[in-house]
Amino acid sequence: MAIARAVEPISASDEEIRAALKDAFLPALLPALAQATGDLSLLRDDLRPSPRIALGVEQGGMTAEQQQAARELAFEVITAIRDGRAPSRTISIEEALMRATEWMTGTPAADDYLPLLLEELAPNDVDPRAPDWRKDPERPFFVAVIGAGMSGILAGIRLKQAGIPYVILEKNEDVGGTWFENTYPGARVDVSNAFYSYSFAQRVDWPHHYSSQEVLLDYFRSCAHEYGVVENVQFNTEVESVEWDEGRAMWQLHVRRKDGTRETIEANAVISAVGQLNRPQYPDIPGRDSFEGPAFHSARWDHSVDLTGKRVAVIGTGASAAQFVPVIAQKVGHLTIFQRTPNWFVPVPHYQDEVPAGLQWLFRHVPHYVHWYRFWLFWNTTEGLLPAASVDENWPHRDRSVSEANEQLRTLLAAYLQAQFADRPDLLEKVMPKYPPAAKRIILDNGVWAQTLKRDNVELLTDRIKEITPRGVVTADGKEREFDVIIYGTGFQASKFLTPMKVVGRNGIDLHQQWDGDARAYLGITVPNFPNFYLLYGPNTNIVVNGSIIYFSECEVQYIMGCLKMLLDNGYKAMDCKKEVHDAYNERIDKGNLQRVWGVANVNSWYKNEKGRVAQNWPFNLIEYWQQTREPNPADYHLV
Ligand code: NAP
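Residues numbered from 1 in each chain as written. Predicted model: local features only at pLDDT ≥ 70, side-chain atom pairs only at ≥ 80, totals over all residues. Heavy atoms only, no water.

(A) Summary view of the site of the ligand. In the vicinity of the ligand there are 24 residues, among which R188, S320, T341, K440 and W606 approach most closely. Within the contact set of the ligand, an oxygen atom lies 3.4 Å away from a backbone nitrogen or oxygen of G318. Considered on its own, the ligand offers 900 Å² of accessible surface; in the complex 84% of this is hidden by protein. Residues that form the shell around the ligand fall into these classes: nine nonpolar, 10 polar and five charged. (Near = heavy atom within 4 Å. Polar contact = N/O pair within 3.5 Å; in protein donor to acceptor, adjacent residues only side chain to side chain. Areas by Shrake-Rupley, 256 points an atom, 1.4 Å probe, with all protein chains shown as cover. Nonpolar A, V, L, I, M, F, W, Y, C, P; charged D, E, K, R; others polar.)

Structure below.
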């Protein structure tokens, strides 16, 4: 499916424009119109959104009167654009950004934010993050990228722009990574698409606020084709091992194709884009393999199994199960959900809704609107709920919350659960978490979780599972329940970065032995003893309550391109991260994570590895990662 990125000329009638404006998101519309016309006086003081946005507040806290006046003003400007009578003063994006930021947020963008915002808010025909240099064609240099998911495609786009020859080795038969593999019913993203998309490839026609798996896969496929990346991908090709040849300063990648053939590919640099949430985690429950019926993991959904009328067990209640359980509950005969730890849910009433027709029309017709909408989301998530996830050392009730702000969040989220389950105290008791919010991923909810648990054919069990038998599941009380199908929503081997791939660096050092179950990297990207080996979505680059993982990938790729430039410009063969730089960085990250609720809370989560260290999460705000990854500092590396 083609995706639309450019706005169309306006030919709608006055009535159609008024109807569309009913669906408008106003705090982003006026800045878009101000930029389109060059008339910054549209950003009137009396129409300012509220500077403090709380959960569930609509239209940026604008009052009903402000909304009405803003719609009227927007109507005047949009009809004027249509009729060719709007001013068209040209203003610089910097000027628009300064004024609009101040209008939207109540404070001018700090100087250090401005360059970041200019990158994030670039119009579709401008791509400030594209490398402004090209490799000397005479200099031989080849890069191998492992994985053609969201971040591998991005690496391919940038390598191509810099004229660097590369190959992407992809184990699947198509691009898309997690969005190719996770086809479970109800799969969709939980970050709004205006933000969960490449900064340089904004769509004006997202059908939903939070896209389904099919739509996202289509987006990533389209980008891979549009940017000419797909021709560099070798599909059905799994990298089994990677070895550094010190003498020649080359990596050797040993690959196995689906047809069983093997090959060795050589590259000067390797970019691993294999993701964190890639290899399914099956629970270590005795007898798991003895079950005689169909059993599968959410990330390996077996669509050949018809669940209609069946007795189905679901083990796990994380973000994946929270999405597929409400869908399958409508078709199975009986559903038993085995919950070990309940989730906190945040109310997002429009989570599964389509973008309303009027808003869709505005995105497609008002220049820059989609970008300002992204900016609004970005600005409000640069810190997101980070303050509410921060630990107050003196806070007394660590088992329920970690600070006053965290307690306030808890009160809000608990009230939501209480309202959802007011008529079912038995369920409320089971679903109310006993740990602080944001220690685990908070799930977006539009009420479907409660509706599902209250169904007559659904049972929520909190009993411990003792074993799995050929016919079903036995709980700690010795009771066996029989099932036709078992579905594991038990997550991923997230902390086992880069497994099962074998990576051998300098002096025969094995990456997994060096990590010893506790993966670390400098900036999440480079690891001492592994020269010219770069990680995307590596250790400590996941975010819990602020931002989009695509933002991180864009920062990482920018940094890696800087590393390649440094090698090429200076004729270096290799760069190897200094151990002391790597160690000092990780010390700071560890301290940061211990100041966040996910670092201190005593609850199961995929954020901690087998050593109990948070090896997944970035503990700081978004701008800090961007600042650190703008370009490499040669002093951080041994340069050969
Ligand atoms: P998950 O969050 O790790 O959840 C796994 C679930 O399985 C948990 O409820 C866990 O219980 C349970 N479990 C694991 N082992 C078990 C055992 N031996 N016995 C009983 N229960 C067991 O995995 P996920 O739901 O696949 O989500 C992983 C991450 O993927 C999310 O946090 C999110 O970042 C991403 N994701 C995003 C979306 C989205 O964008 N909407 C959707 C899906 C996934 P405990 O909590 O007690 O460990």
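More follows now that the structure is in view.
(B) How the structure looks around the packing of aromatic side chains. Taken as a whole and judged by the stated rule, the model has 33 aromatic pairs. Aromatic side chains F25 and Y373 sit 5.6 Å apart centroid to centroid with 75° between the ring planes, which places their arrangement in the edge-to-face category. Of this pair, F25 sits in the loop between helix 1 (14-22) and helix 2 (26-37) while Y373 sits in helix 11 (residues 369-381), and the two are 348 residues apart along the sequence. Within the aromatic cluster, the residues linked to one another by ring pairs are W179, Y196, Y198, F200, W206, Y219, F220 and Y227. Looking at R18, its charged tip hangs above the ring of F75, at a distance of 3.7 Å from the centre. (Phe/Tyr/Trp six-rings, centres within 6.5 Å; stacked < 30°, edge-to-face > 60°. Helix = DSSP H or I, 4+ residues; strand = E, 2+ residues; numbered from the N terminus. Lys NZ or Arg CZ within 6 Å of the ring centre and 35° of its normal.)

(C) Inspection of the pairing of strand 14 (residues 465-468) at higher detail. Bridge count for strand 14 against strand 15 (residues 472-475) is three bridges, and the pairing is antiparallel. Directly across from I465, in strand 15, lies its bridge partner T475. (Pairing = 2+ DSSP bridges.)

(D) The arrangement of the pattern of salt bridges in detail. What the rule picks out here adds up to 49 salt bridges. For R256, the salt bridge identified is with E240, shortest N-O distance 2.6 Å. Linking R256 in strand 5 (residues 250-257) with E240 in strand 4 (residues 237-245), this pair joins segments that are 16 residues apart in sequence. Under the relative-accessibility criterion, R256 is labelled partly exposed at 30%. According to the relative accessible area criterion, E240 is partly exposed, its value standing at 27%. (Salt bridge = Lys/Arg side-chain N within 4 Å of Asp/Glu carboxyl O. Buried < 20%, exposed > 50% of the residue type's maximum accessible area, 1.4 Å probe, protein only.)

(E) Layout of the environment of S272. With respect to the element layout, S272 can be found in strand 7 (residues 269-272). Each C-alpha atom, one on S272 and one on K331, is 40 Å from the other, the two residues being 59 residues apart in sequence. Residue contacts for S272: discarding those within four places in its chain leaves I146, L498, F533, Y534, L535 and L536. (Contact = heavy atoms within 4.5 Å.)

(F) View of the pairing of strand 2 (residues 166-169). Of the two faces of strand 2, the one carrying Y166 and I168 and the one carrying V167 and L169 are both buried. When strand 1 (residues 143-146) meets strand 2, the two strands line up parallel, connected through four bridges. Each residue of the ladder has a partner; that of V145, found in strand 2, is I168. Note that the unit made of strand 1, helix 6 (residues 150-161) and strand 2 has a crossover that is right-handed. (Right-handed = clockwise from strand over helix to strand, strands pointing away.)

(G) Expanded view of the nonpolar core. Formed by 186 residues in total, the largest nonpolar core has its most connected members in Y198, Y369 and L564. Counting residues in hydrophobic clusters, the runner-up holds 28 residues, among them V242, A249, L253 and A574. (Core = buried A, V, L, I, M, F, W, Y, C linked by side-chain atoms within 4.5 Å.)

(H) A look at the sheet that holds strand 14. With respect to topology, three strands assemble into an open sheet ordered 14-15-16, the strand pairing being antiparallel. What marks the edges here is a single partner per strand, and that holds for strand 14 and strand 16 (480-482). Taken over all neighbouring pairs, the strand axes of this sheet differ in orientation by 25° on average, direction set aside. (Axes fitted to C-alpha atoms, helices over the stretch in contact; angles between N-to-C directions.)

(I) Structural context of empty space enclosed by the protein. This model, assessed by the stated rule, comprises four cavities of 30 Å³ or more. Within this model, the largest cavity holds a volume of roughly 70 Å³. If you go around the largest cavity, the residues you meet are S192, N193, A194, W206, H208, H209, V355, F363, V370 and Y373. Taken together, the residues of the lining of the largest cavity sort by class into six nonpolar, four polar and no charged. Estimated volume of the second largest cavity: approximately 40 Å³. Looking at the second largest cavity, the residues that line it are R129, L154, R158, E554, V557 and Q558. Contributions of two or more residues to the lining of the second largest cavity are made by helix 6 and helix 16 (549-570). (1 Å grid on protein atoms, 1.4 Å probe; cavity = no way out; pocket = protein on both sides within 12 Å on 5 of 7 lines; lining within 4 Å. Points joined across faces, edges and corners; volume = space filled by probe spheres on them.)

(J) Seen up close, the state of the cysteines. Tallied over the full model, the rule gives zero disulfides. The cysteine C555 is free of any disulfide, with C563 supplying the nearest cysteine sulfur at 14 Å. C577 provides the cysteine sulfur closest to C563, a residue in no disulfide bond, and the two sulfurs are 9.5 Å apart. Overall, C563 belongs to the buried group, its relative accessible area being 0%. (Disulfide = S-S within 2.5 Å.)

Without other data, these values stay purely geometric and don't point to any function.
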